[in-house]
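# Coordinate analysis (summary)
Residue strings, one per chain:
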Amino acid sequence: MTDWLEKHAPKMVLAPSFIAILVFVYGFIIWTAYVSFTRSKLLPKYDLKGTIQYERLADSPRFEVALTNLAIFGILFILFATVIGLTLAILLDQKIRTEGPLRTIYLYPMALSFIVTGTAWKWILNPGLGIQAVVRDLGWTDFTFNWLVDPNMAIYTVVIAGVWQSSGFVMALFLAGLRSVDGEVIRAAMVDGVSTPRIYMSIIIPSMAPIFLSAFIVLSHLAIKSFDLVIALTGGGPGYATDMPATFMYAMAFSRGDIGQAASSATVMMVIVTAIIVPYLYSELRSRHD
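Now for a quick tour of the structure. Remember, predicted model here, so these are calculated numbers, not experimental data.

This paragraph deals with the nonpolar core. Grouped together as the largest cluster of nonpolar side chains are 43 residues, with contacts concentrated most on F73, F77, V158 and I204. Elements represented by at least two residues in this core include exactly α3 (61–92), α5 (114–125), α7 (154–179), α8 (183–191), α9 (196–204), α10 (209–224), α11 (228–233) and α13 (259–289). When sequence neighbours within four positions are dropped, the list of residues in contact with F73 reads I78, I155, V158, V159, A223, S226 and M244. Residues L57, F63, A66 and F248 belong to the second largest nonpolar core, which totals six residues.

Have a look at this one:
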C-alpha cells in the first residue's frame, strides 16, 4: 500500500487541478469557439450557422476601430517599453551606488494592477485636474493637454500608462540578460580598445536576442489582453475611440447581449495570441532539439 501511494500520490495531487484546467480553461475555449459559429444572441444557441458571426464582425465599424487601436497600442507599447527598459537596464548595469533603490523605483509600477495604473493616469491626464490644470495654474494659461478627451489622441494616453507600468519589468529582463554576458569577452574587447557604446551595440545587445524575444512575447500578450487598463483610463471612450478587442468583447457580451459577437471576437483574439506564441514555442523547442 505504501509503495502504491508513493507511486501514485503525485498524480492524485495534480489530478484535481488538471481536471479543473481541462474543463474551465480548455473546455470553455472550445465552447466559445463553437458558439462563435451559431446565431447566439442574449442566450447561447447550439445550431451551427457557419461564419455569419465573423461576417458581422468584419462589417462592424466598431471592431475595425478596435483592431486599429490594438495595432497602434501594440506597436507603440512594445517599442517604447522595450527601448526604455533596455536603456534603464544599461544605465543600471554601470554598477552605480544607488542601483538598489533605483531598481526598486523602476520596478514598483509593475507591482500595481492595471486598474490602479489606469485610475492614477486618468487623474494625471484629466484636463481639469491633472497636467493641464497644473501648468495653467503656474501661469501658462494657453497650455493644452487634453488627449484624454480627444478622440484622435486618447489611444496614446493608453500607450503612456501601459509603457509607464511595463518598462520596469522589461528593464528587469534585460538587466538579468546583461549580467549573464560573459565578462571575459567584454574585458577582451576593452583590451583591444573598443569603446563602451560599441561593446554594447556590437557584442552585448546582439547576444541578448532570446531576451528580446521573451520581452516581445510578454508585451504582446499584455497588449492583446489590455482590458482593465482601458476600462479604468478611458472606459473605451470618448465614444468608442479607444476600444480594444477585449473591451469590444466585454461590451458585446454584457452590455449588448450579443454572445455570438462576443464569442467570435474572443476567438479572433485567441487566434492572434496563438499566432504570436506558437512560432516562439516552435523556435524554443527546435533550439533545444538541435
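Having put the structure on the table, let's press on.
On to the packing of aromatic side chains, then. Applying the stated criterion across every chain yields a total of 11 aromatic pairs. Ring geometry for F145 and W147: centres 5.0 Å apart, planes at 35 degrees, overall tilted. For F145, a relative accessible area of 18% puts it in the buried group. Through successive ring pairs, a cluster of aromatic residues spans F145, W147 and Y156.

Bringing the pattern of salt bridges into the picture now. Within the structure shown, the criterion is met by five salt bridges. With a closest N to O distance of 3.6 Å, D258 and K41 form a salt bridge. Here D258, found in the loop between α12 (245–255) and α13, pairs with K41, found in the loop between α1 (2–35) and α2 (52–58); they are 217 residues apart in sequence, far enough to count as distant. On the basis of relative accessibility, which here comes to 6%, the residue D258 falls in the buried class. Note on K41: relative accessible area 42%, which makes it partly exposed.

How each quantity is defined
Residues numbered from 1 in each chain as written. Predicted model: local features only at pLDDT ≥ 70, side-chain atom pairs only at ≥ 80, totals over all residues. Heavy atoms only, no water. Core = buried A, V, L, I, M, F, W, Y, C linked by side-chain atoms within 4.5 Å. Buried < 20%, exposed > 50% of the residue type's maximum accessible area, 1.4 Å probe, protein only. Helix = DSSP H or I, 4+ residues; strand = E, 2+ residues; numbered from the N terminus. Contact = heavy atoms within 4.5 Å. Phe/Tyr/Trp six-rings, centres within 6.5 Å; stacked < 30°, edge-to-face > 60°. Salt bridge = Lys/Arg side-chain N within 4 Å of Asp/Glu carboxyl O.

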